[in-house]
Amino acid sequence: MVAMKLRLSLLQEVVGHVKRQHAVLISANSMSNLFHTRLVSLAASNTKPSEATCKSQKLMLELGLIAPSSPGCFHYLPSTVRSLTKLNQLIDKAMVAVNAQKIEVPILSSGELWKTSGRWMDMGAELFRLKDRHEADYCLGATHEEAVTKLVASQGVGSYKSLPLRLYQITKKFRDERKARYGLLRGKEFYMKGISTV
């Protein structure tokens, strides 16, 4: 519950930032240069009022910050992408201050890795599972603890002088939510930051 409130608070800050960007863009007469940044009513969007379940989602749709793709999935439009880039830069700066190092992890994870951790079955229907042409199991990352653990275990940590080792990533995650709701907060596809410390 606390995490959801923090996410909502952060999303409200991003929406406020984007509103300010819209005001600047309108005053600079450069709105015509941006793709789909016009203000739209919820009725004019492709989203049914019953699907827009929270204030932040309604605001983002009405401001043209996101556009629905399918239930639980959204297109991030130019103002949102710029805001996310700035947010990532702020996060990177804060992580550097605590000696954390940024890594990129694959979105596609080995099913064997998840089976080893026991979460292949524990995640239930929320885990997007698939097979490759060789019938090997894979999943779309719902979280990346397994991937980071395997990475650190395979590479080692070197000397004790290199500890603590802090690795973080900001990656798209995927969860097959039973009922996708709350816009970007409980969608099937979302960005999440994770940090692992050794």
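So, here's what we can say about the structure.

Rules of the game
All residue numbers refer to position in the chain's written sequence, counted from 1. Per-residue local features of the predicted model are confined to residues with pLDDT of at least 70, and side-chain atom pairs are confined, for both listing and counting, to 80 or more; whole-chain, interface and lining totals are unaffected and use all residues. Only hydrogens and water are removed before side-chain values are computed, so all heavy atoms of the structure are retained for them. Numbering of helices and strands starts at the N terminus; helices are DSSP runs of H or I of at least 4 residues and strands are runs of E of at least 2. Here the accessible surface of atoms and residues is derived via Shrake-Rupley with a 1.4 Å probe, and residues count as covered only by protein chains that are part of the display. At least two bridges found by DSSP between two strands are what make those strands a pair. Here the axes come from fitting lines to C-alpha atoms, over the contacting stretch only for helices, and the angles between their N-to-C directions go from 0 to 180 degrees. Any two residues having at least one pair of non-hydrogen atoms within 4.5 Å are treated as being in contact. Between 30 and 60 degrees the pair is tilted, below 30 it is stacked and above 60 it is edge-to-face, where a pair is any two Phe, Tyr or Trp rings, Trp via its six-membered ring, whose centres lie within 6.5 Å. Two conditions define a charge located above a ring, namely a distance within 6 Å from the ring centre to NZ of Lys or CZ of Arg, and an angle within 35 degrees of the ring normal. The salt bridge definition used is simple: a Lys or Arg side-chain nitrogen within 4 Å of an Asp or Glu carboxyl oxygen. The rule is simple: take the accessible area with a 1.4 Å probe, protein chains only, and divide by the maximum for that residue type; under 20% is buried, over 50% is exposed, in between is partly exposed. Each patch is assembled from residues with relative accessible area greater than 30% and no salt bridge, linking like charges that lie within 9 Å and nonpolar side chains (Val, Leu, Ile, Met, Phe, Trp, Tyr) that lie within 5 Å. Arc, as used here, means the arc of the directions from the helix axis to the C-beta atoms.

**Here's the deal with the overall build of the chain**
Of regular secondary structure, the chain possesses 6 helices and 8 strands. When the helices and strands of the chain are placed in sequence order, the string is α-α-β-β-α-β-β-α-α-β-β-α-β-β. Summed over its atoms, the accessible surface of the chain is roughly 12200 Å², and 58% of this surface lies on carbon and sulfur atoms.

**What about the sheet that holds strand 8 (residues 189-197)?**
Pairing is mixed in the open sheet, where 3 strands are placed in the order 3-7-8. Strand pairing shows two members of the sheet lacking a second neighbour, strand 3 (100-102) and strand 8, which therefore form its edges. Each adjacent strand pair in this sheet contributes to an overall mean axis angle of 30°, direction not counted. Where strand 3 lies against strand 7 (residues 166-174), 3 bridges are found, and the strand directions are parallel. For Gln 101, the partnering residue across the bridge sits in strand 7 and is Leu 167. Along the sheet face, helix 3 (residues 78-97) touches strand 3, strand 7 and strand 8 and points at about 155° away from the line of strand 7.

**What about the packing of aromatic side chains?**
A complete count under the given rule lists 1 aromatic pair for this structure. Each ring, one from Tyr 76 and one from Tyr 191, has its centre 5.9 Å from the other, and the planes form 70°; the classification is edge-to-face. You can see Tyr 76 sitting in strand 2 (residues 73-76) and its partner Tyr 191 sitting in strand 8, a full 115 residues away along the chain. We note Arg 129 situated over the ring of Trp 120; from NZ or CZ to the ring centre the distance is 4.9 Å. If you follow Lys 172 out to its NZ or CZ, it ends over the ring of Tyr 76, 5.9 Å from the centre.

**Brief notes about the pattern of salt bridges**
Pairing is possible between side chains that carry opposite charge, provided their charged atoms lie close to one another. Scanning the model with the defined rule gives 8 salt bridges in all. Asp 137 is the partner of Lys 131 in a salt bridge, and the nearest nitrogen-oxygen pair spans 2.7 Å. For Lys 131, a relative accessible area of 48% corresponds to the partly exposed category. When salt bridges with common partners are traced through the structure, they connect Glu 112, Lys 115, Lys 131 and Asp 137 into a single cluster.

**A short note on a nonpolar patch on the surface**
On the surface, Tyr 160, Leu 163 and Val 198 cluster together into a nonpolar patch covering about 320 Å² of accessible area. Secondary-structure assignment places Leu 163 in the loop between helix 6 (145-155) and strand 7. A relative accessible area of 37% means that Leu 163 is categorised as partly exposed.

**Digging into helix 2 (residues 55-62)**
The complete set of buried residues in helix 2 reads Ser 56, Gln 57, Met 60 and Leu 61. What you see down the axis of helix 2 is that its buried residues fit within an arc of 130°, all on one side. Residue Gly 64 follows helix 2 closely and has a positive phi angle near 75°.

**Some thoughts on the environment of Leu 184**
Tracing the sequence through the fold places Leu 184 in the loop between strand 7 and strand 8. According to the relative accessible area criterion, Leu 184 is buried, its value standing at 17%. Sequence spacing of Leu 184 and Phe 74 is 110 residues, and the spatial spacing of their C-alpha atoms is 7.8 Å.

**As for the pairing of strand 6 (residues 137-140)**
Here strand 6 shows a buried face lined by Asp 137 and Cys 139 and an unburied face lined by Tyr 138 and Leu 140. Where strand 4 (residues 108-110) lies against strand 6, 3 bridges are found, and the strand directions are antiparallel. Residue pairing across strands places Leu 108 opposite Leu 140, the latter belonging to strand 6. Relative to strand 6, strand 5 (residues 129-131) runs antiparallel, the two being bridged by 3 bridges.

**Focus on helix 6**
All of the buried residues in helix 6 are Glu 146, Ala 147, Val 148 and Val 152. Those residues of helix 6 that are buried are in contact with helix 4 (111-117), helix 5 (119-122), strand 7 and strand 8. Residue Gly 156 follows helix 6 closely and has a positive phi angle near 75°.

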